[in-house]
There are 2 protein chains.
Amino acid sequence: MVVFAAQGDPRRTMAMLWRAAAAAEVRPGPRPTLSVDVIVEAAVAVADAEGMAGLSMRAVGERLGRTAMALYTYVADKSELLDLMYDHVHGELGVGPAADWRAGVRAWAEELWAFYLRHPWVLQVSMARPVLGPNELDSAERLLRALEPAGLSAPVLRGVVSQLNHLVQGAARMVTDSRRAARETGQSDDDWWYARSAELVEVAPDFGARYPLLTWLETNKDSTPNETVPYMEHEARASFEVGLELLLAGVEATRLTEG
Amino acid sequence: MVVFAAQGDPRRTMAMLWRAAAAAEVRPGPRPTLSVDVIVEAAVAVADAEGMAGLSMRAVGERLGRTAMALYTYVADKSELLDLMYDHVHGELGVGPAADWRAGVRAWAEELWAFYLRHPWVLQVSMARPVLGPNELDSAERLLRALEPAGLSAPVLRGVVSQLNHLVQGAARMVTDSRRAARETGQSDDDWWYARSAELVEVAPDFGARYPLLTWLETNKDSTPNETVPYMEHEARASFEVGLELLLAGVEATRLTEG
DNA sequence: GCTCATCTCCTTATGGCGTAAAGTGACCGG
DNA sequence: CCGGTCACTTTACGCCATAAGGAGATGAGC
């Protein structure tokens, strides 16, 4: 369930994203009992609670005591609603300036990580068709501001920004997908892993000989055994932290050879 | 459309993934006219051509001149079919050893990049529930073998492997999502970008003042203007290349401080 | 206080999805 | 030739986005 935003009429959608509180005209016909804002908030609530797959026009309408079709008075279609939802939640982001560029990047990444865990459905909106709303662009500009003191060239800077996004998204997706799978199947992460790996050693008795390095990697874990955090989530968080430091080290090294 | 593999009965599915050409017993009833292999190949063909959203049991059955329900004689459900498809295509991977660990990692990443562009639907199978088939594990072991000479500690190695996967997947997803959006909407990447950005400057006339760094980044492009490659694909490929070098530089730096 | 245009919101309908249930007829050993 | 077994089919269910058309509320002009 990857979903495209930014598919509707660009003029209409962009106007809704960037509108500065449009003046309410008085017009004939019954008074609206809903509003775009109310619908967007209801839709975000549905998506937060039920996931992207549970986000249906029926569900949003039901949460507001209306039918699905009632929403079409306010939004052109589901894709436009998604645009508005996407930019709406990005308004939650806004870390301030930091001591140096490394701290700034770390803070930006940490905030985005928490944001994705709070709104896992955002990870299912494809970045290949960016929404281009004000809140998303504000966040991008903040990252560039944090990175500015590093003094990178434009091509490298573009790569760093992409890398940061892929890093946070990849690791966060691991966590949210894992939670979603656990909820949908009623089988916890650890139960799933236990069942599969038990089957694996049975069906591939030569595992250790065929995969010596995977085996070594798997046995060399320093995590405390009595974790309350599921296996996959722990791994994802670790990969986020290590990956971030690797990237910062890579930027530093590139910075020196560039400058 | 993110889809979970590895949801069925683990015993049954793992046996099918790791089977060593099961002996064909003679049994009463009509002779099977299909086979698991034929079905998997047909399903891969459908997914390659129509994408994950077009992969339906009906479509696979139709390609084989059967109904959707006929497939259920051979596979337990769609999730099991997906497991088999996933591991089947991973059998295409297999880069050999390289001169040094950097070259090995680059070759591994390049091969995976091409693989994802060939089978874009694979990017929609969630990594939070790995299939654990032989071909996928072979590929993971090959990466570890390439990285072995770098002499990394287990935690850092795990981070590097995750980063590499996120890097290739993130950049490749950009390309495949972009192509998919273009096909589904009939609007090319560049057309979409042109329409949206034209609308953006109109609706946000203070863009340059509000987003000075984004503006600077956008105007400092060194790409040749007469590209035959769509904008988004060009960007994605560049981010893949820069990201890979950043990661290698980060590994090198970490390697030195570790060792 | 009427009419009429306009608007919100409703009901209904369409085609696609995975797959459960039940039916049809082919093939085998005896 | 019989009876069990199996491959494959038809039908049916609930859910999705949204097109089409209808009901009733409201405001403007008179």
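Residues numbered from 1 in each chain as written. Chains lettered and ligands numbered in written order. Predicted model: local features only at pLDDT ≥ 70, side-chain atom pairs only at ≥ 80, totals over all residues. Heavy atoms only, no water.

Asker: Which residues make up the overall build of chain A, and what values go with them?
Answerer: The helix and strand tally for chain A stands at 11 helices and 0 strands. Projected onto the principal axes, the alpha-carbon positions of chain A cover approximately 75 × 55 × 30 Å. Counting over 259 residues, chain A shows a buried share of 50%. Pairs at least 24 residues apart make up 76% of the contacts formed inside chain A by residues separated by at least 6 positions. Of the accessible surface of chain A, which amounts to about 12,000 Å², a share of 55% is contributed by carbon and sulfur atoms. On chain A, the mean spot of the 25 positive side-chain charges and the mean spot of the 36 negative ones are 7 Å from each other. (Helix = DSSP H or I, 4+ residues; strand = E, 2+ residues; numbered from the N terminus. Buried < 20%, exposed > 50% of the residue type's maximum accessible area, 1.4 Å probe, protein only. Contact = heavy atoms within 4.5 Å. Areas by Shrake-Rupley, 256 points an atom, 1.4 Å probe, with all protein chains shown as cover. Lys, Arg positive; Asp, Glu negative; His and termini not counted. Charge placed at Lys NZ, Arg CZ, Asp CG, Glu CD.)

Asker: Could you give an account of the domain arrangement of chain A, with specific residues and numbers?
Answerer: Residue and element names in this part refer to chain A. Taken domain by domain, chain A comprises domain 1 (10–90) and domain 2 (101–258). The C-alpha-based centres of domain 1 and domain 2 are spaced at 31 Å. On the side of domain 2, 15 residues touch domain 1, which itself brings 18 residues to the contact. Counting each side, the surface lost to burial between domain 1 and domain 2 is near 1,700 Å², with a carbon and sulfur contribution of 67%. Ranking the residues of domain 1 by area buried against domain 2 places M52, Y86 and H90 at the top, with a combined share of 38%. Connecting domain 1 to domain 2 are 0 salt bridges. When residues of the side of domain 1 that touches domain 2 are traced back to their parent elements, those giving at least two are α1 (10–18), α2 (36–50) and α4 (78–90). With 8 residues, the single largest contributor to the side of domain 1 that touches domain 2 is α4. By residue class, the composition of the side of domain 1 that touches domain 2 is 11 nonpolar, 3 polar and 4 charged. (Domains from an automatic or database assignment. Buried area = accessible area lost by both parts, 1.4 Å probe. Salt bridge = Lys/Arg side-chain N within 4 Å of Asp/Glu carboxyl O. Nonpolar A, V, L, I, M, F, W, Y, C, P; charged D, E, K, R; others polar.)

Asker: Give a detailed account of the relation of the copies chain A and chain B, specifying residues and quantitative values.
Answerer: Of the transformation placing chain A onto chain B, the axial shift is 0.0 Å and the rotation is 180°, giving an RMSD of 0.1 Å. Seen this way, the second copy is the image of the first under a two-fold rotation axis. Of the interface residues in chain A, 100% have counterparts in chain B that sit at the interface too, so the contact is made through matching surfaces. (Least-squares fit on C-alpha atoms with pLDDT ≥ 70 in both.)

Asker: Please set out the packing of aromatic side chains residue by residue, giving values where relevant.
Answerer: Residues and elements named next belong to chain A. If you walk through the whole model with that rule in mind, you get 10 aromatic pairs over all chains. Ring plane angle 50° and centroid distance 5.7 Å describe the contact between F115 and Y116, whose orientation is recorded as tilted. Members of the aromatic cluster, connected to one another through ring pairs, are W192, W193 and Y231. Across the ring face of W113, the terminal group of R237 is positioned such that the distance to the ring centre comes to 5.3 Å. (Phe/Tyr/Trp six-rings, centres within 6.5 Å; stacked < 30°, edge-to-face > 60°. Lys NZ or Arg CZ within 6 Å of the ring centre and 35° of its normal.)

Asker: Explain the packing of helix α7 (residues 154–185) of chain A against helix α7 (residues 154–185) of chain B to me, and be specific about the residues and the numbers.
Answerer: Contact geometry for α7(A) and α7(B): axes closest at 9 Å, N-to-C directions at 110°. By the angle class used here, α7(A) and α7(B) are roughly perpendicular. On the side of α7(A), the interface is formed by A:Q163, A:H166, A:L167, A:G170, A:A171 and A:R173, while α7(B) contributes B:Q163, B:H166, B:L167, B:G170, B:A171 and B:R173. (Axes fitted to C-alpha atoms, helices over the stretch in contact; angles between N-to-C directions. Parallel < 35°, antiparallel > 145°, perpendicular 65-115°, else oblique.)

Asker: Please give an account of the interface of chain A and chain B that cites residues and values.
Answerer: Contacts between the two partners involve 90 residues from chain A, matched on the other side by 90 residues from chain B. In total, about 7,400 Å² of surface goes out of reach between chain A and chain B, with carbon and sulfur atoms giving 65% of it. Of all residues in chain A, the largest losses of buried area upon contact with chain B belong to A:R129, A:R158 and A:R196, amounting jointly to 11% of the total for that side. Viewed at the interface, chain B and chain A are joined by 12 salt bridges.

Asker: Pulling in residues and values, what's your account of the protein's contact with DNA strand D?
Answerer: Among the 26 residues in the neighbourhood of DNA strand D, the closest are listed as A:R31, A:Y72, B:T33, B:T67 and B:Y74. Within the side chain of A:S56, a nitrogen or oxygen atom sits 3.3 Å from a phosphate oxygen of DNA strand D. Within the side chain of A:R58, an N or O atom sits 3.1 Å from a base nitrogen of DNA strand D. Of the residues belonging to the surface near DNA strand D, the class tally is 12 nonpolar, 6 polar and 8 charged. (Near = heavy atom within 4 Å. Polar contact = N/O pair within 3.5 Å; in protein donor to acceptor, adjacent residues only side chain to side chain.)

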